Amino acid sequence: MNGKNERENERELADLLRAAIAGDERSYALFLDRIAALVRAYARRKISHGGVDPEDVVQEVLLAIHLKRHTWMPEAAVMPWVYAIARFKLIDAFRRRGRRVEIDLDEIAETYAQPEIETVSDRDVGRALDTLAPGQRSVVAAISVEGRSIEETARKFGMKEAAVRVALHRGLAAIARRFGRD
């Protein structure tokens, strides 16, 4: 709004409130409708995150204006008086909410530390496999490195599936012991 519209709006609101205080119910209803829209916009600008509903603040401000309208000085500007009430009602709402802040996790998910992915180089895998007996080495390499199934590995080496499972288990256990992970 430019300065002229603001002054005109202020004058109209003051006229409406004066008429309302004098008993004009229609002026009072119009005054409250226009003030509600202004306070709603103010509350929405001031409330950046959840926890306080702007509509609750609007209702509290309208109630306070109704109860305290006799304290407004008719020669004074209306909007500073309304915004002072709105500011105090907003502060009250934040106090009632407490220090709890509600944040949507999706808004901050990228700031969480991601679990560190343990990577192993080919050289480390080779060193680990070199510590195993030849039979275990072949089975562990086929299943853990090449990604073969137990059945495929048994066929490849001419072993029974149970023997492949035993060799795999013993080979992985030996690697874990060797590298300090029991």
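Residues numbered from 1 in each chain as written. Predicted model: local features only at pLDDT ≥ 70, side-chain atom pairs only at ≥ 80, totals over all residues. Heavy atoms only, no water.

Enquirer: It is not clear to me how the environment of R18 should be interpreted in this structure. Could you clarify?
Expert: Within the fold, R18 resides in helix α1 (residues 3-21). Since its relative accessible area comes to 35%, R18 is described here as partly exposed. The sequence separation of R18 and Y28 amounts to 10 residues, and the corresponding C-alpha distance is 8.9 Å. Look past the residues within four positions of R18 in its chain and what remains in contact with it is W72 and P74. A distance of 2.9 Å separates a polar atom in the side chain of R18 from a polar atom in the side chain of D15. (Helix = DSSP H or I, 4+ residues; strand = E, 2+ residues; numbered from the N terminus. Buried < 20%, exposed > 50% of the residue type's maximum accessible area, 1.4 Å probe, protein only. Contact = heavy atoms within 4.5 Å. Polar contact = N/O pair within 3.5 Å; in protein donor to acceptor, adjacent residues only side chain to side chain.)

Enquirer: In this structure, what is going on with helix α9 (residues 161-178)? I would like to understand it.
Expert: Given 3.6 residues to a turn, an α-helix orients residues that are three or four positions apart in the same direction. Helix length check: α9, at 18 residues, gives a terminal C-alpha distance of 26 Å against a target of 26 Å (1.5 Å per residue), a fit within 8%. Those residues of α9 not exposed but buried are V164, A167, L168, G171, A174 and I175. All buried residues of α9 project into a common sector of 135° when viewed along the axis, lining one side. Exposed positions of α9 whose direction lies more than 90 degrees from the buried face are A162, H169, R170 and R177. At its buried positions, α9 is contacted by α6 (122-130), α7 (134-145) and α8 (150-157). (Expected span 1.5 Å × (residues − 1). Arc of directions from axis to C-beta.)

Enquirer: What am I meant to see in the packing of α6 against α7 here?
Expert: Working note: a packed helix pair is described by the angle between its axes plus the distance between those axes. It is at 10 Å that the axes of α6 and α7 come closest, and there the two elements cross at 150°. Helix-helix and strand crossings are classified by hand; for α6 and α7 the assignment is right-handed. Along the contact surface, α6 presents V125, L129 and D130, while α7 presents R137, V140, A141 and V145. Of the residues contributing to the contact of α6 with α7, the split by class is five nonpolar, no polar and two charged. (Axes fitted to C-alpha atoms, helices over the stretch in contact; angles between N-to-C directions. Left-handed = near helix turned anticlockwise from the far one by under 90°. Nonpolar A, V, L, I, M, F, W, Y, C, P; charged D, E, K, R; others polar.)

Enquirer: Please clarify how the packing of aromatic side chains should be interpreted in this entry.
Expert: Any two aromatic rings considered together are summarised by their centre-to-centre distance and by the angle between their planes. Summed over all chains, the structure comprises one aromatic pair. On the basis of an interplanar angle of 45° and a centroid distance of 5.3 Å, the ring pair of Y42 and Y83 is categorised as tilted. You can see Y42 sitting in helix α2 (residues 25-46) and its partner Y83 sitting in helix α4 (residues 78-97), a full 41 residues away along the chain. Over the ring of Y28 we find R69; its NZ or CZ atom is 5.1 Å from the centre of that ring. (Phe/Tyr/Trp six-rings, centres within 6.5 Å; stacked < 30°, edge-to-face > 60°. Lys NZ or Arg CZ within 6 Å of the ring centre and 35° of its normal.)

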